[in-house]
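Architecture at a glance
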Amino acid sequence: MGTTFQLRRDAFGKLVLTTAEGEEHVGVIPVRAFPIQAPTRGISLVREGGKEVAWIDDLDAAPEAVRRLVQEEIAGREFIPEILRIKDVSSFATPCTWYVQTDRGDTEFVLKVDEDIRRVGETSLLVADNHGINFLVRDMFRIDKNSRRILDRFL
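The structure reproduced in this document is the subject of the present report.

About the criteria used
Residues numbered from 1 in each chain as written. Predicted model: local features only at pLDDT ≥ 70, side-chain atom pairs only at ≥ 80, totals over all residues. Heavy atoms only, no water. Core = buried A, V, L, I, M, F, W, Y, C linked by side-chain atoms within 4.5 Å. Buried < 20%, exposed > 50% of the residue type's maximum accessible area, 1.4 Å probe, protein only. Contact = heavy atoms within 4.5 Å. Helix = DSSP H or I, 4+ residues; strand = E, 2+ residues; numbered from the N terminus. Arc of directions from axis to C-beta. Polar contact = N/O pair within 3.5 Å; in protein donor to acceptor, adjacent residues only side chain to side chain. Pairing = 2+ DSSP bridges. Axes fitted to C-alpha atoms, helices over the stretch in contact; angles between N-to-C directions. Salt bridge = Lys/Arg side-chain N within 4 Å of Asp/Glu carboxyl O.

**Focus on the nonpolar core**
The tendency in soluble globular proteins is for nonpolar side chains to be buried as a group. In terms of nonpolar packing, the biggest core is built from 18 residues, with I83, I86, W98, V127, V137, L151 and F154 touching the most fellow members. With residues near it in sequence (within four places) discarded, V127 still touches I83, F109, L111, D116, I117, I133, N134, F135 and V137. F5, I43, L59 and I74 belong to the second-largest nonpolar core, a separate cluster that totals 15 residues.

**Concerning helix 2 (residues 145-154)**
Those residues of helix 2 not exposed but buried are S147, I150, L151 and F154. Summarising the axial view, the buried residues of helix 2 lie within an arc of 100°, below the 170-degree limit, and thus occupy one face. Across from the buried face of helix 2, at angles greater than 90 degrees, the exposed residues are K145 and R153. Buried residues along helix 2 sit against strand 7 (83-89), strand 8 (96-102), strand 9 (105-111), strand 10 (117-120), strand 11 (124-128) and strand 12 (134-137). Looking at where helix 2 begins, the residue whose side-chain oxygen comes 3.3 Å from the main-chain nitrogen of N146 is D144.

**Examining the sheet that holds strand 3 (residues 24-26)**
Spatially, the 3 strands line up as an open sheet ordered 1-2-3, and their pairing is antiparallel. The outermost strands of the open sheet, each flanked by one partner alone, are strand 1 (5-9) and strand 3. Between one strand and the next, the sheet's axes are offset by a mean angle of 20°, whatever the strand orientation. Pairing geometry for strand 1 and strand 2 (residues 15-19), over 5 bridges, is antiparallel. Counted as the bridge partner of F5 is T19 from strand 2. The strands that helix 1 (residues 64-77) touches are strand 1 and strand 2; relative to strand 1, the one it contacts most, it runs at about 50°.

**Brief notes about the pattern of salt bridges**
Under the definition given, this model contains 10 salt bridges. The shortest N-O distance in the salt bridge between E24 and R8 comes to 3.1 Å. With a gap of 16 residues between them, E24 in strand 3 and R8 in strand 1 connect regions that are remote in the sequence. Overall, E24 belongs to the partly exposed group, its relative accessible area being 45%. By relative accessible area, R8 is classed as partly exposed at 36%. When the shortest N-O distance is used, the salt bridge between R67 and E64 registers 2.5 Å.

**Overview of the pairing of strand 8**
The element strand 8 is largely enclosed, with a buried count of 5 among its 7 residues. As judged from the 5 bridges shared by strand 7 and strand 8, these two strands associate in the antiparallel manner. Bridging across to strand 8, V89 finds its partner in W98. Pairing geometry for strand 8 and strand 9, over 7 bridges, is antiparallel. Paired with C96 across the bridge in strand 9 is L111. With antiparallel pairing between neighbouring strands as the criterion, strand 8 and strand 9 make up a hairpin whose turn holds 2 residues.

**Digging into the pairing of strand 2**
Most of strand 2 sits inside the fold, with 5 of its 5 residues counted as buried. Of the two faces of strand 2, the one holding L15, L17 and T19 and the one holding V16 and T18 are both buried throughout. Turn length for the strand 2-strand 3 hairpin, with the two strands adjacent in sequence and antiparallel, is 4 residues, and the turn residue G22 shows positive phi of about 95°.

**Some remarks on the environment of G121**
Structurally, G121 is set in the loop between strand 10 and strand 11. Under the relative-accessibility criterion, G121 is labelled partly exposed at 39%. Between the alpha carbons of G121 and R138 there is a distance of 9.9 Å; along the sequence they are 17 residues apart.

Listed below in structure tokens is the structure:
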């Protein structure tokens, strides 16, 4: 991919995009088109007001400096812990407390209703807790057997 823009941080830590024509856009924000199913494909760089100023087809093919800055910015804004294992649930009726191991450590949360588990694509799930935090199950068919058994009771 030939990038037609440059990206850097200013003294205040904001992303600054400079177009091929030399126009600068301060405070651009990367927005993923498909954050769960294709997190590195289809990234829009938008300025204040949500107007797109640049598009990245595939972040993996972008220059290293652009890739690093975009990944840093996304990591600082997105918070979707990934459930690696469901250790236990307090009940199979909702509301219930889930005890899980995530990619950010062990935690527990309350699942209010079964409808707070949503399918995203063929194999992924988003589980919303009682505070509105979404937890991701990247592939419900590759999670361990006990976790899958628990999930099956709620799906």
